[in-house]
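Here's the letter readout for the chains.
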Amino acid sequence: MRIWMVGAIAAVAVSAIVAVAYVSLEASAAVVGVLILVAGIGWPHVLGVPAKKSQSAAMILSALAATAAAYAAPANQLMMWMPPAVALGVGAVFMIQLIRGTGQSHRLESTLGASVGVFMISLGSGWVAAERLAVNAGNSGVMLVTGISVLVALAVAVLPWPDRIVAPIGVALAALAGPLCAILFTDVAGLPAAVIGAVCGAVVVAARRLLISRETPLNVLAALSVGTVPILAIGSLVYFLDKLFLS
């Protein structure tokens, strides 16, 4: 599957998250839950490892637990339950490998890759936690800044240029798009918007590098996961940057 197709999947994912941020917290949680399902089902296909269903279940359940906690936890504990959820998911991955028995193929790849998947997908709970912050309670301006920055970085990332050109341009344009969007459409300060944009751009171009360095092609499920996992990972970064600069 071509890189622009994966970029289109990522664009749809971040656009959906930003759009429902203006609807309700429940809608945001529902969309994040759907993206978690998509990412978790496809991640073992990205790895190309056996025991796909059981490892997908471990990733999905831990990420959904972290998201449910972010939705229901007290305001001062929004992300407190994500680490325990990740720990349980990683523990489940190890148990799956033990149940498979000794001498099974791709044991190390399955364990490490699925553990990374548990962590990355669970970071999506940050989108729900960020939406509950006071800075987003009124107009979700930070969500819009984040979405525009990610879309700009994605537009650069799909260009057929070398990484040494795409990476700095993607980060720089995302960092510029953040404050420009903040000035035109929101009341978010310019510096936090620039930092958020730069971080989003860095995540996107890093994901691009991992994708183009892959030798084997992606099937549909794997492409859906590759497109959604970086978007989910950005969620917790947005939450902590909101807490640092705007709360």
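Please read all numbers here as calculations on a predicted model, not as lab measurements.

Moving on, we come to the overall build of the protein. Along its length, the protein carries 11 helices and zero strands. Along the protein, helices (α) and strands (β) appear in the sequence α-α-α-α-α-α-α-α-α-α-α when read from the amino end. A compact globule built from 247 residues should have a C-alpha radius of gyration of about 18 Å, and the protein, at 18 Å, falls within 12% of that. Along the longest, intermediate and shortest principal axes, the C-alpha atoms of the protein span 60 × 45 × 25 Å. Each of the 247 residues in the protein was classed as buried or not, and the buried ones make up 49%.

Quick look at helix α1 (residues 3-21) now. Helical periodicity: at 3.6 residues per turn, an α-helix aligns residues three or four positions apart in one direction. Between its first and last C-alpha, α1 extends 27 Å over 19 residues, near the 27 Å set by a 1.5 Å rise per residue. Within the span of α1, buried status applies to Val 6, Gly 7, Ile 9, Ala 10, Ala 13, Val 14, Ile 17, Val 18, Val 20 and Ala 21. Next to the buried residues of α1 lie α2 (25-47), α6 (125-132), α8 (141-157), α10 (190-212) and α11 (220-245).

Ranked by internal contacts, the top residues of the largest apolar core, which has 69 residues, are Ile 121, Trp 127, Val 150 and Ile 231. Ranked by the residues each element gives to this core, the list is headed by α11, at 11 residues. Once residues lying within four places of it in the same chain are set aside, the contact partners of Trp 127 are Ile 17, Val 32, Met 143, Thr 146, Ile 231, Leu 232, Ile 234, Gly 235 and Val 238.

The next subject is helix α3 (residues 52-72). With 21 residues, α3 should reach 30 Å at 1.5 Å per residue; the first-to-last C-alpha distance of 30 Å fits that figure. Buried within α3 are the following residues: Gln 55, Ser 56, Ala 58, Met 59, Ile 60, Ser 62, Ala 63, Ala 66, Thr 67, Ala 69 and Ala 70. Contacts from the buried residues of α3 go to α2, α4 (82-100), α5 (107-122) and α6.

Quick notes on the rules
- Residues numbered from 1 in each chain as written.
- Predicted model: local features only at pLDDT ≥ 70, side-chain atom pairs only at ≥ 80, totals over all residues.
- Heavy atoms only, no water.
- Helix = DSSP H or I, 4+ residues; strand = E, 2+ residues; numbered from the N terminus.
- Rg over C-alpha atoms; globule rule 2.2 N^0.38 Å.
- Buried < 20%, exposed > 50% of the residue type's maximum accessible area, 1.4 Å probe, protein only.
- Expected span 1.5 Å × (residues − 1).
- Contact = heavy atoms within 4.5 Å.
- Core = buried A, V, L, I, M, F, W, Y, C linked by side-chain atoms within 4.5 Å.

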